[in-house]
Amino acid sequence: MNDEKRDGHAVSAVAPMDGKLLELLVCPLTKGPLRWDRENGELVSQSAKLAYPVRDGIPIMLPSEARPLD
């Protein structure tokens, strides 16, 4: 597995996201849908303009851990 470090945490750029889990998860701020960004290993909320990290296959759905989108 090709892991890289981002913000001091291991991130797998090729980690799959379970489709059923993705259907259930929503942005904790807007309650809107999330899009899986496989390249960056993040769940993206377009409405909140945030990207939530996925570490070791576990979505980190804390706004304080999210990366602002440009």
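The following paragraphs examine the structure supplied in this document. (Residues numbered from 1 in each chain as written. Predicted model: local features only at pLDDT ≥ 70, side-chain atom pairs only at ≥ 80, totals over all residues. Heavy atoms only, no water.)

## Looking at the environment of A66
Alright, step 1. Among the secondary structure elements, A66 is positioned in the loop between β6 (58-59) and β7 (67-68).
Alright, step 2. Looking at A66, the relative accessible area reads 14%, which means it is buried.
Alright, step 3. Through-space distance from the C-alpha of A66 to that of L50 is 5.9 Å; in sequence the pair is 16 residues apart. (Helix = DSSP H or I, 4+ residues; strand = E, 2+ residues; numbered from the N terminus. Buried < 20%, exposed > 50% of the residue type's maximum accessible area, 1.4 Å probe, protein only.)

## A word on the nonpolar core
Alright, step 1. Residues M17, L25, C27, L34, W36, L43, L50, Y52, V54, M61 and A66 constitute the largest nonpolar core, which totals 11 residues.
Alright, step 2. In terms of residues, this core owes the most to one element, strand β5 (residues 50-55), which gives three residues.
Alright, step 3. The contact partners of A66, leaving out residues within four places of it in the chain, are L50, A51, Y52 and P53. (Core = buried A, V, L, I, M, F, W, Y, C linked by side-chain atoms within 4.5 Å. Contact = heavy atoms within 4.5 Å.)

## A short note on the pattern of salt bridges
Alright, step 1. A complete count under the given rule lists two salt bridges for this structure.
Alright, step 2. E42 is paired through a salt bridge with R67; the nearest N and O atoms lie 2.7 Å apart. Highlighted residues: E42 in strand β4 (residues 42-45) and R67 in strand β7, separated in sequence by 25 residues.
Alright, step 3. Ionic pairing is found between E65 and R55, a salt bridge with its closest N-O pair at 2.8 Å. Of this pair, E65 sits in the loop between β6 and β7 while R55 is found in strand β5, placing the two residues 10 residues apart along the sequence.
Alright, step 4. For R55, a relative accessible area of 15% gives the class buried. (Salt bridge = Lys/Arg side-chain N within 4 Å of Asp/Glu carboxyl O.)

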